[in-house]
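A look at the structure
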Amino acid sequence: MPKRPTALFAFADRNLPLLFPPDVLTALRGLVDLDPTLTVADFGDPRLAPVLPGVEVLITGWGCPPVSAEVLDTLPRLHTLVHTAGTVKSLLAPEVWERGVAVSSAATANALPVAEYTLGMILLLGKGVFALREEFRAQLRPPADLLHRDIGNVGRRVGIIGASRIGRRVIELLRPFEFEVLLHDPFVDEAAAARLGVRAVGLDELLASCSITSVHAPATPATRHLIDADRLALLPDGATLINTARGSLVDTDALVRELTTGRINAVLDVTDPEPLPTTSALFRLPNVFLTPHVAGSLGNELRRLGLTAVHEIERVLRGEPLAHRVEAAELSHSA
């Protein structure tokens, strides 16, 4: 029987029981030789000196120290790096790929709760729930004209900015409902959008014609302040902007100015800066629904990320390609 590869955890140790609860950890230990009590917080820790040269599989996650060229020098047998979170862009040095290490990410698994959060918000926004809650609380009785309000989700036009993993998952979750979905993504043409069941349009057209717009583009130099003052002005009166991507995609100062007029609304799970200063108007504006970066995997959802790592290692041991392989060339236009 071939020797099982030696693996090592490299992430915040407090995440271990959530990423790898007992049954998932048992499955993992059936595949690799692993000390479940050892998680790396610093690759320079002298206690790791006898361990690192034998590591073949590195299992990383939130809290992992950067994997630099110098760190790679201490891991001469490393052939696979399995990341139990989303992006690896700021974690891994280019030398990881240059030295032939296969890299996998749980970004696809982490996309699901973000898409679920977005779907929930879209459904509630279309029904007018957030504004009606404020009105109900102020008046202590239902509005008299409730039946005739311009609310509901039949035929409502929703815009998706970015056909990322999350953007595509949102599109998939929206299919059972009676929305008209528009997509803006410079890498997706009309034919590809049609295959997704949506209509490709320019960004300005999308913003001007959708009552709900959700941002799912990656944070890159090219997308910084993609939604600026001029584009916020395109949003129809009463429209809502949802951002679960990164705060830098929206010009915060311009957004606050537009929101202060009461003309539009926002659902923000991410902000720029993050965290916000306690004096930010976003905490106080009644037309803002602000959450503390909770759309991604939390609590028992981390189990899914650990299972993804287990399944990837199973594929490696069967001689199959990684299902969620990350290539260096992707990083310039991905999250």
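How each quantity is defined
Residues numbered from 1 in each chain as written. Predicted model: local features only at pLDDT ≥ 70, side-chain atom pairs only at ≥ 80, totals over all residues. Heavy atoms only, no water. Phe/Tyr/Trp six-rings, centres within 6.5 Å; stacked < 30°, edge-to-face > 60°. Buried < 20%, exposed > 50% of the residue type's maximum accessible area, 1.4 Å probe, protein only. Helix = DSSP H or I, 4+ residues; strand = E, 2+ residues; numbered from the N terminus. Pairing = 2+ DSSP bridges. Salt bridge = Lys/Arg side-chain N within 4 Å of Asp/Glu carboxyl O. Core = buried A, V, L, I, M, F, W, Y, C linked by side-chain atoms within 4.5 Å. Polar contact = N/O pair within 3.5 Å; in protein donor to acceptor, adjacent residues only side chain to side chain. Arc of directions from axis to C-beta. Contact = heavy atoms within 4.5 Å. Axes fitted to C-alpha atoms, helices over the stretch in contact; angles between N-to-C directions. Parallel < 35°, antiparallel > 145°, perpendicular 65-115°, else oblique. Left-handed = near helix turned anticlockwise from the far one by under 90°. UniProt positions renumbered as here; feature names shortened; annotations may be inferred.

Time to look at the packing of aromatic side chains. Between two aromatic rings, the relevant description is the distance of the centres plus the angle of the planes. This model, assessed by the stated rule, comprises 5 aromatic pairs. With centroids separated by 5.1 Å and ring planes inclined at 50°, the aromatic side chains of F9 and F11 adopt a geometry described as tilted. With respect to burial, F9 and F11 carry one shared label: buried. Plain terms: the ring middles of F130 and F289 are 4.7 Å apart, the flat faces sit at 40° to each other, and that makes the pair tilted.

Right, let's get into the pairing of strand β2 (residues 57–60). The alternating pattern of β2 places V57 and I59 on one face and L58 and T60 on the opposite face, and all of these are buried. Bridge count between strand β1 (residues 7–10) and β2: 4 bridges; the pairing is parallel. Bridge pairing in β2 links F9 to I59. By the bridge criterion, 4 bridges tie β2 to strand β3 (residues 80–83) in an arrangement that is parallel.

As enumerated under the stated definition, the model contains 20 salt bridges in all. Close ionic contact of D23 with R303 constitutes a salt bridge, the shortest N to O distance being 2.6 Å. Here D23 is found in helix α2 (residues 22–29), whereas its partner R303 is found in helix α12 (residues 302–317), with 280 residues between them in sequence. A relative accessible area of 42% places D23 in the partly exposed class. On the basis of relative accessible area, R303 is assigned to the partly exposed category, the value being 32%. Here R157 makes a salt bridge to E180, at a shortest N to O gap of 3.2 Å.

Time to look at the nonpolar core. In this structure, I161, I227, L232, L255 and L259 are the most contacted members of the largest nonpolar core, which totals 29 residues. Among the secondary structure elements, those contributing two or more residues to this core are α9 (203–209), α11 (252–260) and β10 (265–268). Residue contributions to this core peak at 4 residues, all from α11. In this structure, Y117, A163, A193 and L196 belong to the second largest nonpolar core, which totals 25 residues.

By the burial criterion, the buried members of α11 are T252, A254, L255, V256, E258 and L259. Between the side-chain oxygen at the start of α11 and the backbone nitrogen of D253 there is a gap of 3.2 Å, and the oxygen is on D251. Positive phi appears at G262, one or two residues downstream of α11, with a value of about 80°.

Residues of α2 that are buried include every one of V24, L25 and L28, and no others. Summarising the axial view, the buried residues of α2 lie within an arc of 100°, below the 170-degree limit, and thus occupy one face. Relative to its buried face, α2 has exposed residues pointing more than 90 degrees away, namely P22 and T26. The inward-facing, buried residues of α2 contact β1, α1 (16–19), β2 and α12.

With that settled, consider the sheet that holds strand β4 (residues 102–105). Within the open sheet, the 4 strands sit side by side as β1-β2-β3-β4. Their pairing is parallel. Two strands close off the open sheet at either side, each with one partner strand: β1 and β4. Taken pair by pair, the neighbouring strands of this sheet meet at an average axis angle of 15°, ignoring direction.

A few words on the packing of α2 against α12. Where α2 contacts α12, the axes come no closer than 10 Å and their chain directions differ by 15°. In terms of orientation, α2 and α12 fall into the roughly parallel class. Pair α2 / α12 crosses with left-handed handedness. Of the residues in α12, those in contact with D23, V24, A27 and L28 of α2 are R303, G306, L307, V310 and I313.

Moving on, we come to the UniProt feature "domain: D-isomer specific 2-hydroxyacid dehydrogenase NAD-binding" (unreviewed entry) in the protein chain. Here the UniProt feature "domain: D-isomer specific 2-hydroxyacid dehydrogenase NAD-binding" (unreviewed entry) sits at residues 120–295. Along residues 120–295 the backbone is 32% helical and 15% strand, and the end-to-end C-alpha distance reaches 11 Å.

Glancing now at unusual backbone geometry. Leaving glycine aside, a negative phi is the common case for residues, and trans is the common case for peptide bonds. With omega at 5°, the peptide bond leading from D272 into P273 counts as cis. Position of P273 among the secondary structure elements: in the loop between β10 and β11 (288–290). Note the cis peptide between E274 and P275, where omega equals 5°. Looking at the element boundaries, P275 is found in the loop between β10 and β11. Positive phi outside glycine occurs at L140, with the angle close to 65°.

Bringing the sheet that holds strand β6 (residues 180–184) into the picture now. Read from one edge of the open sheet, 7 strands run β7-β6-β5-β8-β9-β10-β11, paired in parallel fashion. Where the open sheet ends on each side, the last strands, each with one partner, are β7 (199–200) and β11. Relative to strand β8 (residues 212–215), strand β5 (residues 157–161) is paired through 4 bridges, and the arrangement is parallel. When the bridges of β8 are listed, G159 appears paired with T213. Of the strands in this sheet, β5 and β6 are in contact with helix α7 (residues 165–174), which crosses β5 at around 160°.

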